Amino acid sequence: MLRYKVRELLAEKCFVENRRVTFKELSEESGISRQTLTRMVNQRGYVTGTDTLDKLCEYFNCGIGEVVEFVPNSMIDNTILPAK
């Protein structure tokens, strides 16, 4: 399963810029709907397009490996994943 690390990236941006960055701001500046961002963060197994991933990479100025993490199904079945 793919896990999107949007919250982690947003928290890092808040820390680096020493200000609060909201999902609303992320949505407006990236062009990704708030609904899509919410689903990416809260819905396990959510599928999104490469255009959305591209926009996140552009917004956070990072590579795809910092946005998406592969979690083997065996880990999902046997453990509780930390909150996203």
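Residues numbered from 1 in each chain as written. Predicted model: local features only at pLDDT ≥ 70, side-chain atom pairs only at ≥ 80, totals over all residues. Heavy atoms only, no water.

J.: Help me out: how do you make sense of the environment of I64 in this one?
T.: Mapped onto the elements of the fold, I64 is located in helix 5 (residues 64-67). Along the primary structure I64 and R34 are separated by 30 residues, whereas in three dimensions their C-alpha atoms are 20 Å apart. Other than its neighbours up to four places away in sequence, I64 contacts L53 and C57. (Helix = DSSP H or I, 4+ residues; strand = E, 2+ residues; numbered from the N terminus. Contact = heavy atoms within 4.5 Å.)

J.: Could you clarify how one ought to interpret the pattern of salt bridges in this entry?
T.: Where charged atoms from two side chains of opposite charge come close, those side chains can pair. In the structure shown here, the tally under the stated rule is five salt bridges. The partner of K13 in a salt bridge is E17, and the shortest N-O contact between them spans 2.8 Å. Taken as a pair, K13 and E17 lie in helix 1 (residues 6-17) at a separation of four residues, close to a single helical turn. Take E17: its relative accessible area is 33%, and that puts it in the partly exposed class. The structure contains a network of salt bridges with shared partners spanning K13, E17, R19 and E25. (Salt bridge = Lys/Arg side-chain N within 4 Å of Asp/Glu carboxyl O. Buried < 20%, exposed > 50% of the residue type's maximum accessible area, 1.4 Å probe, protein only.)

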